[in-house]
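The residues making up each chain are set out below.
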Amino acid sequence: MSFKKAEEYKKANNFNVKFTKVLMNEFSQWINWRADGRDSVLDVGSGPGNTVRESIYPVLPPNFTRLVLSDISPQMVELQRKEFSGFERVSCEVLDIGSEISDEMEKKLGNFDHVTSFFCLMWVADQQRAMDNIYSLLKPGGDCFLAIVADCPMIDTLVSICENPRWNDCFAGWQDFYAFPYIELDGAMSKGLGFMEKAGFIDTKAELRYNSIQFANDEQKENFLRSMPNKFSKEVSAEEEEEIFQERLEFLDQFNFGNYRDNSGRIIKPSAYLILYGKKPLGSD
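Here is a short report on the structure shown in this document. (Residues numbered from 1 in each chain as written. Predicted model: local features only at pLDDT ≥ 70, side-chain atom pairs only at ≥ 80, totals over all residues. Heavy atoms only, no water.)

## As for the overall build of the protein chain
Moving on, step 1. On a plain count of helices and strands, the protein chain comes out with eleven helices and seven strands.
Moving on, step 2. For 285 residues, the compact-globule formula gives about 19 Å, and the C-alpha radius of gyration of the protein chain, at 19 Å, lands near that figure.
Moving on, step 3. C-alpha extents for the protein chain along the principal axes are approximately 55 × 35 × 35 Å.
Moving on, step 4. Looking at the protein chain residue by residue over its 285 residues, the buried ones come to 52%.
Moving on, step 5. Approximately 13,000 Å² of the protein chain is accessible, and the part contributed by carbon and sulfur atoms is 47%.
Moving on, step 6. Seen as two clouds, the 32 positive and the 45 negative side-chain charges of the protein chain have centres 5 Å apart. (Helix = DSSP H or I, 4+ residues; strand = E, 2+ residues; numbered from the N terminus. Rg over C-alpha atoms; globule rule 2.2 N^0.38 Å. Buried < 20%, exposed > 50% of the residue type's maximum accessible area, 1.4 Å probe, protein only. Areas by Shrake-Rupley, 256 points an atom, 1.4 Å probe, with all protein chains shown as cover. Lys, Arg positive; Asp, Glu negative; His and termini not counted. Charge placed at Lys NZ, Arg CZ, Asp CG, Glu CD.)

## Re helix α9 (residues 188-199)
Moving on, step 1. Its twelve residues place the ends of α9 17 Å apart at the C-alpha level, agreeing with the 16 Å of an ideal helix rising 1.5 Å per residue.
Moving on, step 2. All buried positions along α9 are accounted for by A188, G192, L193, F195, M196 and A199. End-on, the buried residues of α9 take up no more than an arc of 155°, which puts them together on one face. Along α9, the residues that are exposed and aim more than 90 degrees away from the buried face are S190 and K198.
Moving on, step 3. On its buried side, α9 packs onto α6 (127-136), β5 (138-151), β6 (202-211) and β7 (271-279).
Moving on, step 4. Of the residues flanking the end of α9, it is G200, one or two places downstream, whose phi is positive at about 120°. (Expected span 1.5 Å × (residues − 1). Arc of directions from axis to C-beta. Contact = heavy atoms within 4.5 Å.)

## Structural notes on the pairing of strand β3 (residues 90-94)
Here is the key point about a regular strand: its side chains alternate between the two faces of the sheet.
Moving on, step 1. In terms of strand pairing, strand β2 (residues 66-71) meets β3 through five bridges, oriented parallel. Bridge pairing links D71 to V94 in β3.
Moving on, step 2. In this region the chain leaves β2, passes through helix α4 (residues 74-83) and returns to the parallel neighbour β3; the handedness of that crossover is right-handed. (Pairing = 2+ DSSP bridges. Right-handed = clockwise from strand over helix to strand, strands pointing away.)

## A word on the side chain of K280
Moving on, step 1. In this structure, K280 sits in the segment after β7.
Moving on, step 2. Here L138 takes part through its backbone oxygen, which lies 2.9 Å from a polar atom of the side chain of K280.
Moving on, step 3. When residues no more than four places from it in sequence are discounted, the contact partners of K280 are Y135, S136, L138, K139, P140, G141, G142, F201 and D285. (Polar contact = N/O pair within 3.5 Å; in protein donor to acceptor, adjacent residues only side chain to side chain.)

## So, the packing of aromatic side chains
Moving on, step 1. In the structure shown here, the tally under the stated rule is 27 aromatic pairs.
Moving on, step 2. Ring pairing ties together the aromatic residues F19, F27, W30, F118, F119, F145, Y273 and Y277, which thus form one cluster.
Moving on, step 3. Note that R89 overlies the ring of F64, its terminal NZ or CZ placed 4.1 Å from the centroid.
Moving on, step 4. The residue whose ring lies beneath K205 is Y277, and the NZ or CZ to ring-centre distance is 5.6 Å. (Phe/Tyr/Trp six-rings, centres within 6.5 Å; stacked < 30°, edge-to-face > 60°. Lys NZ or Arg CZ within 6 Å of the ring centre and 35° of its normal.)

## Quick notes on the packing of α6 against α9
Moving on, step 1. Between α6 and α9, whose axes approach to 9 Å, the crossing angle comes to 50°. As far as their axial angle goes, α9 and α6 are oblique. Both α6 and α9 take part in a crossing whose hand is right-handed. Two secondary-structure elements touch here, α6 through Q127, Q128, M131, D132 and Y135 and α9 through G194, F195, M196, K198 and A199.
Moving on, step 2. Residues that form the contact of α6 with α9 fall into these classes: five nonpolar, three polar and two charged. (Axes fitted to C-alpha atoms, helices over the stretch in contact; angles between N-to-C directions. Parallel < 35°, antiparallel > 145°, perpendicular 65-115°, else oblique. Left-handed = near helix turned anticlockwise from the far one by under 90°. Nonpolar A, V, L, I, M, F, W, Y, C, P; charged D, E, K, R; others polar.)

## Looking at α4
Moving on, step 1. All of the buried residues along α4 are M76, V77, L79, Q80 and E83. Buried residues of α4, viewed axially, fall in a sector of 160°; they line one side.
Moving on, step 2. Looking at the buried residues of α4, the elements they touch are α1 (6-12), α3 (50-56), β2 and β3.

Written as structure tokens, this is what we have:
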């Protein structure tokens, strides 16, 4: 699933940057950093790159060997390259982690000591393929640290219109597009671990974490919602698309997203995140 409205997303993802910092501080001890500090890292679903620059790049060992950002969206990768312009040992690639990776791309990427991913994999319909690909891209003994949105008000908002009888014919088959595989929180950890263990990971761990989305103002909230991808099952006019957006915005506005205006009486629903960790065994291919 490709985010085409990359600029809108970048203008509104500050809360993701902040929460990534929290997660990196809390879980960095899970990551098996190399003793010599010459770590190589692939980040999957890096978006416009500002989250990686502000939250991941600063905690890398000073003598890390390389950092590769990736995203399925060429628009996002273009912003990544601007974000890291002039940074040595950093590159950016278009990569669909949920599909078969070509031999040419695997050769270009090589293998990594660590794979990270923040707030991306919930968009991937084929979770097993994603975990298999992450496993394949790791060196033997390498590990991955993944933070996946399990449930949040934004998911409720996107689904609300898809389930609205008025727009049913515009979103036929939406369940395959909006995968959201961990929305049932009771089984989220075991489900995620199942995909990882089937891929071959060992020493797996899983936790759930909660965080409230906080926007600075209405413009930021609207930019974030507008950046969300759509897959229409029939042709939709620009007027209809805007009407769909406005209906979603009205639905989203029932939630409390910060103290920049009066939110009394609004729904407080923290977002739930599935945290996954796994290691590729030494001696594996």
